[in-house]
Structures are given as structure tokens and as C-alpha cells.
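Commentary on secondary and tertiary structure
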Amino acid sequence: MSRLMSLAEAVEANVRDGDTVAMEGFTHLIPHAAGHEIIRQGKKRLTLIRMTPDLIYDQMIGMGCADKLVFSWGGNPGVGSLHRVRDAIENGWPNKLAIEEHSHSAMANAYASGASGLPFAVFRGYIGTDLPKVNPNIKSVTCPYTGEVLATVPSHRPDVAVIHALRADREGNVLLEGILGVQKEAVLAARRSIVTVEEVVDDFGPRNLNAVILPSWTVGSIAVVPGGAFPSYAQGYYKRFNAFYKEWDGIARERDTFLAWMKENVLNKRPEDFAEHVRNLRVAAE
Amino acid sequence: MSRLMSLAEAVEANVRDGDTVAMEGFTHLIPHAAGHEIIRQGKKRLTLIRMTPDLIYDQMIGMGCADKLVFSWGGNPGVGSLHRVRDAIENGWPNKLAIEEHSHSAMANAYASGASGLPFAVFRGYIGTDLPKVNPNIKSVTCPYTGEVLATVPSHRPDVAVIHALRADREGNVLLEGILGVQKEAVLAARRSIVTVEEVVDDFGPRNLNAVILPSWTVGSIAVVPGGAFPSYAQGYYKRFNAFYKEWDGIARERDTFLAWMKENVLNKRPEDFAEHVRNLRVAAE
Amino acid sequence: MTTTYKPAEMMTVAAARALKNTDVTFVGIGAPSAASNLARLTHAPEITLIYESGTLATKPTVLPLSIGDGELCDTALTTVSVPEMFRYWLQGGRITVGFLGGAQIDKYANLNTTVVGPYDKPKVRLPGGGGAPEIATSCGEIFIIMSQGKRGFVEKLDFVTSLGHGEGGDHRQRLGVKTKGPTKLITDLCIMEPDPKTKEMTVVSIHPGVTREQIQENTGWTVKFADKVTETPAPTELELKVLRELNERTARAHGEAA
Amino acid sequence: MTTTYKPAEMMTVAAARALKNTDVTFVGIGAPSAASNLARLTHAPEITLIYESGTLATKPTVLPLSIGDGELCDTALTTVSVPEMFRYWLQGGRITVGFLGGAQIDKYANLNTTVVGPYDKPKVRLPGGGGAPEIATSCGEIFIIMSQGKRGFVEKLDFVTSLGHGEGGDHRQRLGVKTKGPTKLITDLCIMEPDPKTKEMTVVSIHPGVTREQIQENTGWTVKFADKVTETPAPTELELKVLRELNERTARAHGEAA
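Quantities reported herein were computed from a predicted structural model and do not represent experimental measurements.

**Considerations on the overall build of chain A**
- Along its length, chain A carries ten helices and 13 strands.
- Rg of the C-alpha trace for chain A: 19 Å, near the compact-globule value of 19 Å for 286 residues, within the 12% margin.
- In terms of principal-axis extent, the alpha carbons of chain A reach across some 55 × 50 × 35 Å.
- Counting every position in chain A, which comprises 286 residues, the buried fraction comes to 66%.
- Taking all contacts inside chain A whose residues are at least 6 apart in sequence as the whole, residues at least 24 apart take part in 75%.

Take a look at the structure:
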């Protein structure tokens, strides 16, 4: 059964130094508030899994939370590089960052097979590419019927999955809608989970019979953090704040501007401040 | 792009003697009208795939359409045996019926891997059972990471999938809702497909952003057959006609009563007659 | 005060009592469905019921006739596709209790729902495994509900459709299975549980008015009894009332639909 | 009558023209997205656009800044999960045209979006493969859009992120790949297509005002020209109008959101 608590409590209860942590959100619903709380609590030596490491992991890696990154596409979407991730990979600042690199297909399959309780995923992939040469976790199996050789990757089974969702109900069920990404799979594949939500409602009300819902007993901790996906967006709640993605490029380019920004905007702030961030981004009528 | 046509045209265009045909519907939305049309057109030597062969396959097999059945649970749900299927297996009437027997998990995975363009499915299954002894298609692969031996089955790649859905729009997209079964996977796994629907609407209108829809270009032929799932049900349209499931037990028990019923209710009828069957089963307000 | 009840009611009530409020159960049609909903309507209001048709956390007011009745979907938290059900939910290890039954059971609670007689020349062709082969190994534990009788309780199965304790002892572990398997066999005469060491199903509780001799007469192997065998408490008035009302509502609903 | 246009506009227009009304395209952000939507707003109104974030048959009125903008979801027929996208839709073989680009390309249209310099000691660490490795082999055919220049058009890739024609000839088939691979490379200077036999990317059409020398100067290998090289028709007034309006709408929408 999921439990409602503050974000600080949720991070304390679920994230331990050295954990493998998957924070997902495919452009939509990126759990930024939770990332900031992990930074504030000074978590260290995390292995961070994410299909598309972007600002959230640039911040966490720049603040020294992680020593390994498992990913398939790392960048500031539509803008450019992740300067902090590159500084960690290329120069070891603030610490050395090991990488395990996959394709999207591999990562998505690894979450799905993790959610399915399988030790590995099979897919038709990596053909003719150099990725298997630099990632020893990419192996293969032979189809027992056709003889075709197919790629395999180990399933993702993170210690903790962290996602942001639209809303929870009083029983602790969690509703997702819109661009779903791999969040449901990440939670189902993980041992523990933190779900931040825009709001808690008494009841989800009339809905599609096949609504995408994580039932209460599959979820760990729930924390209400309005605006918690900012500067990404929450369908029906607020829009993506594109300007900040561009701004981040300048902030993150140098170590000192980065650290100053993090001090002012993360270390000295609280989850409650996210509501203010999205005040002007709220969508009109639903 | 899908094409709208009569059910007779759809069956003529898609189903050939000797084809492998998957007619799906998990209690809900069983394509009975399409099954009757296949019988009327006298299709022969079909390999029939279905997780839960029930009345529809009892009728088709009893009428000599099939020489092989691939399945995981065969029965008249809540009532008893399928007398016509048993007569074919046990006594070769009206012809010998070969069987390939799986578990639900194997069948569901085989549809999903077929929809995924993979030649086989991997799952944790069949442990300690006798099914692999009687089904040579059940094999195994070894996980390259853990050494665990997992079960495999060949993907389902039927020549034709036949399903009944709630409605199509003018562009030929098909909407599913409620108990989904394996219908989406069956259509995506198949080379060709026939979808009967309760109605065609101009537009699906406001809907969940993640509504379960088969886009037009993944669907073959669409035929409007109101009531086409009778005596199973169509969510929001009409209820399951439980009495007929019980009645069928008596009809199908003997060859002559079966043949008489089929002549009167199938051979001498048309798809249009299904609308009449559900007249008194319609659900009140949606 | 005594209330009259049928052996089948005792069986359903005993199965319901075995379920906890925190359980997530994979429910089959018939007795498992009645027992699970009885539990939900009495001592376990928050129990989570899952049917293999894809309905998660469903709360039917009447019992379904088929595994995919509209009632299950209408009252569910949500409904997922059947591949997802078997991949993410069953194989994913998210079910604490699975229910099974069958035409034949042996003393290690292996089950046959495939065929009586040889596979290629069946005496009786049964429906087949359905979800059972993987339910048997993927759920945290398995409760089996079956009416007891010599035809069904046999020394040797004609076909193993789903694994119980295999050949007994640590056979499940040797097969790499990490779940408990059948922890309860609930019949219309008694309740059996696996012996901690041999895993042979052993009588631990006898329903009121039933004798050890009756149990032996209805079993095709020499029945083991636990050192301490208790008497199953008779169904309470409340249990009977709720169960009978559920059955009446069900009959009325399905009658009306017909 | 002549209208002034930029080389990047010519590139986008040429890419849009290559798309058919019946195509199902897997669209990336940037030029592929502009080209696909330009096609949809001109000669191919029924083209199906799919973005890897899960949006099926989407009809954005403005171009997305990211692969998962709300606009894509709001205007889609429906949106599926990312695992489903990569399993049922991409690997399932339901895409006719995939778009790719990259930091480096070689003459067989293999692409590098991973790293410049050695993998373990990168000169420039690029974003990585994302969807490209499987897009390259799963889509019916691949259109590549890239600005032409010596830094990007190289004799040898530092890293092969996605397969084009490999080492040329029948290399794709020898690897068991059944799709066509890159059939068009559309740059700001010209259009190249694979030689039917060697599979080396060969200039088949040159954009107006561009010389063969310019193409060679901007390419890190000795460029092959087809026997018949045509001149790419300049963008029509309609094409430019629709493209520019699309870009203006996009700028306004993203500006407003900021």
C-alpha cells in the first residue's frame, strides 16, 4: 500500500547512498522537485538510470550525487549539450562518472522486462553499430525456431523509481495520462518507489475503463508537490517552460555559475517553491 | 489504410482455405458474426488460434472449417465442455482435429511478440508441467546474465486476425475499450485483418489521451455488424446473453441437433440478423 | 445456535477466511470467486481482486459467470490488456494468492485440468491449463479449492497441468521456483496443508460433522493427518448471510440478463 | 519569378517532397519535424506522423521543441507508452520512413551521434544514439537530413551509432537486415541516393545555384555523381509560405509559453 508523506520524508525513506535510482519522464512529467530533494539530502554514489538524461541529471551529477549513468540519449532537448554531465565524463568533476550506454529501444525493453519479472530483454537491435563494443552488457540469444540472433540487455531492476504523476486518489492509486514514457514500467520494475503528484483527489471520477493507473499496492511513497515537474510539464496542469531549457545552457556552462545557481535555487529552496514556478504556466480550462 | 466493406466481402477478401486464423475476444467482444460468415462461405483446413476456444470455435470446428486448433483453454465458460471440439478431437468428426496446446501466458506472450515483430516469446512458464512433453513448440533459452532457463514459444503470426470492436471512425481507425483481451496484439501480429464494429462514427470525440485505438493503417477490412459479438457482449452496447451459453450445451451435445441448429441459425441467416439478437440486451444509458 | 449449511458453503467460507485484507488475489471463476468476494464483503474489505481478463482491483456486486464479465470491468480500478496481465502483473510477482482447482489432484497438490486418460487418446478431454501453469509458480502462494472424492483425489495424475509440490520435499526449489506453491487445499470435508518437510498435503482441520474415515474414503491415497487436527469453525450466521445474499444477487442478475 | 530562400529551407522542402501521402513516418525533432509537417500541410495531407514519445498520427499546428511536447499528444489520434512504441510500432515494422541525422556521416550513410574522438577519451561527447540504432534497421527506408560540411561528412566515422549501408554492397543483407536503409541523403547543397550496386551515396540532384565543386569541398570523401544529375526544383512560393508560417507559428507559441 502506498503511503502519503512529505517529499523530504519520501526521499529519506527510499533513497540510500549507493542505490540504483531510475528517475523517468519522457519530456513530460520529469520529477524535478524530487531530484532537487535528493540533491538537498546529499545522496552520494548513486547509479542513475534514465533514457533521456537532461537538466535533472545534469544538476544531480553536477552536485556529485552519482558515480554511474545508464542512458540512451543525453542532452538538453532542442538546445544542446549537458555541460555538467560532460564535465563529469570528460574531466571527472566533481567526480568521475562511469557510463553504460544503450539505445532507446534497449532501455524501454529493459524496463518492460524488469516490470515483467524477467532477468533480461530480447529485441532486434544494435545491428551494425559500435555500441556492443563499448557496452559488455549488450549480448545476444539465438531464436530456438528461426536461428535469428537477437540482442539482449539485462532488465532494469532499480532500487528506487522516482516519477511525477498527475494525481493520486485517497486510496493511494496513481493516475497517468498523456505522454506516458516508461514511468509505469519503471515503478513496476523497482523495489521501492516515490511518486510526486500535482494533487490528491477523493476519487478519480468517471474515466476511461482502461485508464493508466498504478494501483496503490504497487506504489511506495506518494508526495504532493504541485508544479513538481517544472520546467517540464504536466498535461492539463501547466505547460513546459521552454525558456528555462535555453537559460540552463548558460548557467551550466561554467562550474561557478552552476554552483551559485544550485545554491540559490535548490539548496536554499523547498519542494513547496515549485508551485510558484508554474503559477504563470497553468493551462486555462481543462 | 483500412477499407469499409460488407462482412461477406471482408471474409472473401481475407480468409483463404488453409489459412492460419486468429479470432480473439476474451469473453468480451467475441466475433461471432464473422465466425458465422466464415462457416457460410465454407472455408476449409484452417488452423484456428484462440486463447479460449468457446462457442464460436465449437461451431466452426463442428462445421468442418478447421484441421488444427492452437489454444490454452477450451470450454463453454461457466457451463462445461465443447462437445463439437471434443467430438473432433476424440472421434474425428466431421474431420480429424490436430491440437497445439499452450498456457494463457504462452499465448498472450506469443501474440505480443508477434505484434513486436519478433520470432519468439520468452517467459517464465511451464515449470514442472507436462505440456512441453506434448507440445514440441515449447522450447527454452538461457538468460545470458543469470543462467536462468526460461520458456519460449514461437510468435503468433496469423494470416488473418478477426476481432469485433466497439466502433470505427470515418478515417477507419478502430476503438477498443473495456476488457481488451489480446485483440490489439492479434491484429498487429497478423498479415491481414477483419474488424467488425458496432457502428461507424464521424469522430471518436473527446476521449482519454491514451485511448486504445488501432489506427487505420494497421487494420485491413472493417465491416459494420451491430450485435456482431452476440451472445458475448459489447461494453456500453449490450450485455452477455448468458442463457444461450447454457442452451448451447444441449444443442451441441448431439451431431444432429447441432447440424439442425447451424442450418437454421447460421447457414440460412445473414450478418444483419445479429442486430435482432441483441435488441433486448441493449444497455440503457451510456 | 446452529444454522444448517451445505458442505459447499463450508468450503467457500473456509477459503474466504484464509484470505487477508492485504492480499492481492488472482481469482478464478466459481468457488474462488465466491470465496474472494465473501472475504471482501466480510473481514477483508480492502482485499484486491484480480481476474485474468485484465480487471485490477475489481469489486463486483454479483459474481461473474465468466472470467471477463462486464461487471468485473465496470467495478474495477482499471482494466489492462491480457498480455500485460500475464507479463507485468502475474509474472511480475504482484499477486500474493492465486486460486486453483482441477479435475485431478495428487498428494503433493499437483493438478490436472488437461486430460483424463492418455493425452493422444483421451478418455475425457478437459478444458486445458488456461492460466494455471504460470499461476501455480508466479503467485506468492496457492489456495486450492476442490470437492473431495476418489475420482479427483488420485494417487497419480494422468497429466500434470500445474505444479504443486512436484515430487515433494524441495522439488519446487530444485526447479528454480521461488514461490511457496499450494499452502492450503480446502475441500468440502477438510483443510489440508503441506507437511513442512515432505510437502505432502496433510489434514489440519476437519469440517464439523465430518469423520477421518469419510476423508479417507474420498481420497485416492493414504491420508496423513497432522499431530494436531482442529475442527473447522462452522460458518457464522453473518458469513452464511453474506454468501447467500451474494449468490441470490448473482442468480437474479444473471437470470434478468437471460 | 524568383523568391529568395535559405539553403536550410531548400533542404527542408526537398525532404518534404520525398514524403508520400501514404507514408508512416517516425519523426525526429528539428529538420525532420519541419519537413514532415510541411509535407502534411502541402502535398501529403494524410501522411501519418509518429514521434518516439508515443504519439500516433499526430497533427501539430506548431513544431515541437522536444520530442514529447504536449502539442504532439493533444493533436494525436492516441498516445502509447514508450515500450509499446519501440516494440509494437518501430520493431513491429509499422513505419515506412524514418528520419535520421547526426554529427558525422560516411559515404555509406552510416551515422555517428555518440562521440568525436575515442569513446573512452572523447574530444566531443555527443548525446548518444537515442532511437537511432533501431530506427536505422526497423523502418522501411531512411531519409537523412544533414547540413553538408567537411567536419560532418567524413571518410571514417569515429563511432558507428546507426547502420547505413555498412561497408556497402550487400552488407545490410549479410547482417540479416531486411529493410532498405538510407535511400535519400538530403543536404543544404544536394540530394544523394545510394548507388544501386555499391550503395555509396551518390549525388542525384543539385540544389539551384550550387556547384559540383562546392559539394566536393564540403565532403570528406571523393564525391560520386550519378550519370544523370538533375537540378532540384527551387522551393515554390506555396512551399515557402507554408514553411515560414509554420516556423512563425512555432516561434510565437514557444515565445508565449516562455
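**A closer look at the overall build of chain C**
- When helices and strands are tallied, chain C shows eight helices and 14 strands.
- The C-alpha atoms of chain C give 18 Å as radius of gyration, which agrees with the globular expectation for 258 residues (18 Å, within 12%).
- Principal-axis analysis of the C-alpha atoms places the extent of chain C at approximately 50 × 45 × 35 Å.
- Across the 258 residues of chain C, 62% fall into the buried class.
- In chain C, 64% of the contacts between residues at least 6 apart in sequence involve partners at least 24 apart.
- Entry remark: accessible area of chain C is about 9,900 Å², with carbon and sulfur atoms responsible for 53%.
- With 28 positive and 29 negative side-chain charges, chain C shows a spacing of 4 Å between the two charge centroids.

**Comments concerning the environment of D:Ala251**
Residue and element names in this part refer to chain D.
- Along the polypeptide, Ala-251 turns up in helix α8 (residues 237-257).
- On the basis of relative accessibility, which here comes to 52%, the residue Ala-251 falls in the exposed class.
- Sequence separation of Ala-251 and Arg-151 is 100 residues, and the distance between their C-alpha atoms is 29 Å.

**Examining the sheet that holds strand β7 (residues 139-142) of chain B**
Residue and element names in this part refer to chain B.
- On the basis of which strands lie adjacent, the open sheet formed by three strands has the order β6-β8-β7 and antiparallel pairing. Only two strands of the sheet have a single neighbouring strand rather than two, namely β6 (120-123) and β7. Adjacent strand axes in the sheet meet at a mean angle of 40° when their direction is disregarded.
- With four bridges joining them, β7 and strand β8 (residues 149-154) adopt antiparallel strand pairing. Looking at the pairing, Lys-139 lines up with Thr-152 of β8.
- Across the sheet, helix α5 (residues 104-115) touches β6 and β8, and the angle it forms with β6 is around 135°.

**What to know about the sheet that holds strand β8 (residues 149-154) of chain A**
Residues and elements named next belong to chain A.
- In space, the three strands of this open sheet follow the order β6-β8-β7, with antiparallel pairing throughout. Pairing within the sheet leaves two strands with one partner each, and these edge strands are β6 (120-123) and β7 (139-142). Each strand axis lies, on average, 40° off the axis of its neighbour in the sheet, ignoring direction.
- Sheet strands touched by helix α5 (residues 104-115): β6 and β8. Its angle to β6, the strand with the most contacts, is close to 135°.

**Regarding the interface of chain A and chain D**
- With 44 residues of chain A at the contact, the number on the chain D side is 43 residues.
- Between chain A and chain D the total buried area reaches about 3,600 Å² when both faces are included, carbon and sulfur atoms providing 61% of it.
- At the surface where chain A touches chain D, the tally comes to one salt bridge.
- A salt bridge links A:Glu101 to D:Arg125; its shortest N-O distance comes to 2.6 Å.
- On inspection of chain A and its partner chain D, the count reaches 17 residue pairs in polar contact (both at pLDDT 80 or more).
- Elements supplying a minimum of two residues to the side of chain A that touches chain D: α4 (83-91), β5 (98-101), α5, α6 (131-134) and α8 (242-253) of chain A.
- If you tally residues by element for the side of chain A that touches chain D, the top one is α5(A), at five residues.
- Tallied by class, the residues present in the side of chain A that touches chain D amount to 21 nonpolar, 16 polar and seven charged.

**Re the nonpolar core**
- Grouped together as the largest cluster of nonpolar side chains are 305 residues, with contacts concentrated most on A:Met60 and B:Met60.
- If near-sequence neighbours (up to four positions away) are discounted, A:Met60 is found in contact with A:Met23, A:Gly35, A:Ile38, A:Ile39, A:Leu46, A:Leu48, A:Cys65 and A:Ala66.

**Things to note about the domain arrangement of chain A**
Residue and element names in this part refer to chain A.
- The domain architecture assigned to chain A consists of domain 1 (7-102 + 158-285) and domain 2 (113-154).
- Each of domain 1 and domain 2 has a C-alpha centre, and these two points are 28 Å apart.
- With six residues of domain 1 at the contact, the number on the domain 2 side is eight residues.
- Surface buried jointly by domain 1 and domain 2 totals about 550 Å² across both partners, of which 57% is contributed by carbon and sulfur atoms.
- It is Glu-100, Glu-101 and His-102 that lose the most area in domain 1 upon contact with domain 2, and together they represent 71% of the buried surface on that side.
- Across the domain 1-domain 2 interface, the total number found is zero salt bridges.

**Observations regarding α4(A)**
- Inspection of α4(A) places A:His83, A:Arg84, A:Val85, A:Asp87, A:Ala88 and A:Ile89 among the buried residues, and these make up the whole buried set.
- Taken together, the buried residues of α4(A) touch α3 (55-62), β4 (66-71), β5, α8 and α9 (255-267) of chain A together with β9 (124-125) of chain D.
- The first or second residue beyond α4(A) is A:Gly92, which carries a positive phi of 70°.

**Regarding the pattern of salt bridges**
- Counted according to the given criterion, the structure contains 46 salt bridges over all chains.
- Across the pair C:Asp23 and C:Lys20 runs a salt bridge, and its minimum N-O distance is 3.7 Å.
- C:Asp23 sits in the buried class, given a relative accessible area of 3%.
- On the basis of relative accessibility, which here comes to 43%, the residue C:Lys20 falls in the partly exposed class.
- Notably, a salt bridge pairs D:Lys184 with D:Glu193, separated by 2.7 Å at the nearest N-O pair.

**What to know about the environment of C:Gln214**
Residue and element names in this part refer to chain C.
- The residue Gln-214 is located in helix α7 (residues 212-217) in this model.
- For Gln-214 and Gly-149, which are 65 residues apart along the polypeptide, the C-alpha to C-alpha distance reads 9.7 Å.
- The contacts of Gln-214, once residues within four sequence positions are left out, are Leu-189 and Gly-209.

**Side note on the side chain of B:Asp87**
Residues and elements named next belong to chain B.
- On the secondary structure map, Asp-87 appears in helix α4 (residues 83-91).
- Within the local environment of Asp-87, its side chain forms a polar contact with the side chain of Arg-84, the two groups lying 2.7 Å apart.
- There is a polar contact of 2.6 Å between the side chain of Asp-87 and the side chain of Arg-255.

**Quick notes on the pairing of β8(B)**
- Most of β8(B) is tucked away: five of the six residues are buried.
- Count of turn residues in the β7(B)/β8(B) antiparallel hairpin: six residues, of which B:Gly147 carries a positive phi of about 80°.

**As for the packing of helix α2 (residues 32-40) of chain B against helix α3 (residues 55-62) of chain B**
Residues and elements named next belong to chain B.
- At a minimum axis distance of 10 Å, the contact between α2 and α3 shows a crossing angle of 0°. With respect to α3, the axis of α2 lies roughly parallel. For the pair formed by α2 and α3, the contact residues are His-32, Gly-35, His-36, Ile-38 and Ile-39 on the first element and Leu-55, Ile-56, Gln-59 and Met-60 on the second.
- Among the residues making up the contact of α2 with α3, the classes are represented as five nonpolar, four polar and no charged.

**Remarks on unusual backbone geometry**
- Following A:Trp93, the chain continues to A:Pro94 via a peptide bond in cis, the omega torsion being 0°.
- In this fold, A:Pro94 is placed in the loop between α4 and β5.
- At the junction of A:Phe230 and A:Pro231, the peptide bond is cis and its omega measures out at 10° in the coordinates.
- Notably, B:Leu29 is not glycine yet its phi reads approximately 55°, a positive angle.
- Within the secondary structure, B:Leu29 sits in the loop between β2 (20-23) and α2.
- Taking the relative accessible area as the measure of exposure, B:Leu29 reaches 1% and is therefore buried.

Scoring rules and cut-offs
- Residues numbered from 1 in each chain as written.
- Chains lettered and ligands numbered in written order.
- Predicted model: local features only at pLDDT ≥ 70, side-chain atom pairs only at ≥ 80, totals over all residues.
- Heavy atoms only, no water.
- Helix = DSSP H or I, 4+ residues; strand = E, 2+ residues; numbered from the N terminus.
- Rg over C-alpha atoms; globule rule 2.2 N^0.38 Å.
- Buried < 20%, exposed > 50% of the residue type's maximum accessible area, 1.4 Å probe, protein only.
- Contact = heavy atoms within 4.5 Å.
- Areas by Shrake-Rupley, 256 points an atom, 1.4 Å probe, with all protein chains shown as cover.
- Lys, Arg positive; Asp, Glu negative; His and termini not counted.
- Charge placed at Lys NZ, Arg CZ, Asp CG, Glu CD.
- Pairing = 2+ DSSP bridges.
- Axes fitted to C-alpha atoms, helices over the stretch in contact; angles between N-to-C directions.
- Buried area = accessible area lost by both parts, 1.4 Å probe.
- Salt bridge = Lys/Arg side-chain N within 4 Å of Asp/Glu carboxyl O.
- Polar contact = N/O pair within 3.5 Å; in protein donor to acceptor, adjacent residues only side chain to side chain.
- Nonpolar A, V, L, I, M, F, W, Y, C, P; charged D, E, K, R; others polar.
- Core = buried A, V, L, I, M, F, W, Y, C linked by side-chain atoms within 4.5 Å.
- Domains from an automatic or database assignment.
- Parallel < 35°, antiparallel > 145°, perpendicular 65-115°, else oblique.

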